Amino acid sequence: MMLSPTCWTGSPFPLEAKSMKRTREQGDSEVFTSTERLLRLEAEGRLPDFHGCQRSRSLLAGHHGSRMRGRGLDFDELRRYNHGDDIRHLDWRATQRTGTPLVRSFTEERDRPTLILCDQRMDMLFGSTLLLKATAAAEVAALLGWISFHAGDRLGGIVFNDQSIDSVTPHRSRQRVIDLLSRIARHNRALHVDNTAARTPDQLDRVLSRALIQARHDQTLCIVSDFSGLTERTLGLLQQLAMHNDVLAVQIYDPIALNLPRQGIVNLSEDQTRVRLDLGQTSTRETLASFLAQRFQTVDDHLRHSHLPHLKISCGEPVLPQLRRSLGLLGAQRR
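Residues numbered from 1 in each chain as written. Predicted model: local features only at pLDDT ≥ 70, side-chain atom pairs only at ≥ 80, totals over all residues. Heavy atoms only, no water.

Chemist: When you look at the side chain of Asp205 in this model, what are you seeing that I'm missing?
Modeler: You can see Asp205 is positioned in helix α6 (residues 203–214). The exposure class of Asp205 is buried, given its relative accessible area of 5%. Here Thr234 takes part through its side chain, which lies 2.5 Å from a polar atom of the side chain of Asp205. If we ignore the near neighbours within four places in the chain, the residues touching Asp205 are Thr231, Arg233, Thr234 and Leu237. (Helix = DSSP H or I, 4+ residues; strand = E, 2+ residues; numbered from the N terminus. Buried < 20%, exposed > 50% of the residue type's maximum accessible area, 1.4 Å probe, protein only. Polar contact = N/O pair within 3.5 Å; in protein donor to acceptor, adjacent residues only side chain to side chain. Contact = heavy atoms within 4.5 Å.)

As C-alpha cells, this is what we get:
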C-alpha cells in the first residue's frame, strides 16, 4: 500500500498525507499497528540471543570498540580439577585448604534486564511506501523484546511521544511483554496528522536521562528511533549509558530521505502553516532532497562516531529480514 506522500515530519517542517486521513476514516489496520499484531511477531522473535552475536556479515561487527559486551559469567560451584580444565580457573586458596585441586565453574549470566526505548513522536508519523516510521519502530521494538524474553531476560521499556514518557519496569513474565507491546500500540494509534499539541524539542534527551536513572549498570538498552532532535547532549547521554551498559541504537528512516521522487505534489505543514510543493520543479526538488539527505547523514554520522552498535532499518522494506541481516542472523533457524 502506498501512502501518497506521507512524507517528512522532521524539522523544519513535516509533510502531511491526505491519504493517511482517509485510511484512518476507513479503519485501515495496515497503517498503524495493534497489540495483536505485535504479539504475533513472537514466532518471528524466537531468534538466537543477540548479545555478543556479531558475525562477520553482521552490521554490528566493526572497530573502535563498537561491539556489545555480551553476557557475563556467574560463579556456579567449586569442583575437582579434570584433565583439560583451564588452569586459570583453579581456586588456589580452596586447593591449598583441601589439599585437592579445585576449579571454579561458571554458568552464563541469565535474567539480564533489557530496556526497549520506542519513539512514537510526531516526527515518526511518516511513510512514503510500506510502513510509517512509527509502525516500523513498533515492530522492531516488539521483535527485540521477544528475542530478549526468549533469552531469559527481564524485559521493560520506555515508550514516548512528544508530550509523555511511559515507563515499564523490567520483569521476566509474558504479561510484562504484553504490557509493553500494548503501550507501544496505544501510542502508535494515537498519532494523527491533525495533532496540534506543542512538541518538546529535547524529549529524546529527557527519555535518555530517565533511562540513566533506571539502568545503572549491566543492562541492555535498545533505542529505536529516527533520532530527530539529536544534539551533542544526546550523544553525551548515550555515551554515559554505554559506560556501564550495552546500548544498541536502531535508526529508523524512510527511503525517500535518500531518493526523493522526481514527480509529485507534497503538502508541508508546521503548526498552522501549510505549504504546497511541486517536485517536478527542479529547484524545489533539489532543495528538499538536499535537506532530507543532509539530515539523514548528520544523524547517521553522529551515531557512527559515538562508537555505539548502530543499525539502520528502512520503513520501505519488511522489518524482519532487515533485522536478521543486521544482527547477522540471516541464516538462523527458528527454534
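Chemist: Help me understand helix α4 (residues 133–150), please; the structure alone is not making it clear to me.
Modeler: The α-helix winds at 3.6 residues per turn, so residues separated by three or four positions along the chain end up facing the same way. Helix length check: α4 (18 residues) gives 26 Å between terminal C-alpha atoms against 26 Å at 1.5 Å per residue, within 8%. With 18 of 18 residues buried, α4 lies mostly within the body of the structure. Gly152 lies just past α4 and shows a positive phi near 90°. (Expected span 1.5 Å × (residues − 1).)

Chemist: Is there a simple way to explain the sheet that holds strand β5 (residues 154–160) in this structure?
Modeler: Hydrogen bonds between backbone groups are what pair the strands of a sheet, and the pairing can be parallel or antiparallel. Here we have six strands laid out as an open sheet, ordered β6-β5-β4-β7-β8-β11, and mixed in their pairing. Looking at the sheet topology across the chains shown, the edges are occupied by β6 (165–171) and β11 (310–314). Ignoring strand direction, the axes of neighbouring strands in this sheet form an average angle of 15°. In this sheet, β6 lies alongside β5 in antiparallel orientation, the contact comprising five bridges. Looking at the pairing, Leu155 lines up with His171 of β6. This element, α6, spans β4 (113–119), β5, β6 and β7 (220–225) of the sheet and lies at about 155° to β5. (Pairing = 2+ DSSP bridges. Axes fitted to C-alpha atoms, helices over the stretch in contact; angles between N-to-C directions.)

Chemist: Mind showing me how you'd approach the packing of aromatic side chains here?
Modeler: A ring pair, where both rings are aromatic, is described by two values, the distance of the centres and the angle of the planes. As enumerated under the stated definition, the model contains two aromatic pairs in all. Above the ring of Phe149, the side-chain terminus of Arg172 is found at 5.2 Å from the ring centroid. (Phe/Tyr/Trp six-rings, centres within 6.5 Å; stacked < 30°, edge-to-face > 60°. Lys NZ or Arg CZ within 6 Å of the ring centre and 35° of its normal.)

Chemist: Looking at this structure, I do not really get the nonpolar core. What am I missing?
Modeler: Where a protein is soluble and globular, its nonpolar side chains tend to be buried together. Core analysis: the largest hydrophobic core is formed by 45 residues, its most contacted members being Leu38, Val140, Leu144, Ile184, Val250 and Ile252. Breaking this core down by element, the ones donating at least two residues are β4, α4, β5, α5 (174–190), β7, β8 (246–253), β11 and α9 (319–326). With twelve residues, the top contributor of residues to this core is α4. Sequence-distant contacts of Val140, defined by excluding residues within four places in its chain, comprise Val224, Val250, Ile252, Ile313 and Val319. If you look at the next biggest cluster of nonpolar residues, it comprises 23 residues, including Ile158, Leu204, Val207 and Leu221. (Core = buried A, V, L, I, M, F, W, Y, C linked by side-chain atoms within 4.5 Å.)

Chemist: Looking at this structure, how should I read the pairing of β8?
Modeler: The side chains of a regular strand alternate, residue by residue, between the two faces of the sheet. Judged by how many residues are buried, β8 sits mostly within the fold: eight of eight residues are covered. Neither face of β8 is open: one carries Asp246, Leu248, Val250 and Ile252, the other Val247, Ala249, Gln251 and Tyr253, and all of them are buried. Bridge count between β7 and β8: six bridges; the pairing is parallel. What sits directly across from Leu221, in β8, is Val247.

Chemist: How should I be thinking about the confidence of the model for the chain in this particular structure?
Modeler: As a note on interpretation, predicted positions should not be read in detail where pLDDT is low. Of all residues in the chain, 75% have pLDDT values of 70 or greater, and the mean over the chain is 79. This stretch, residues 54–67, has a pLDDT under 50; its non-local contacts, to residues over four places away or in other chains, come to 34 contacts. (pLDDT = per-residue confidence, 0-100.)

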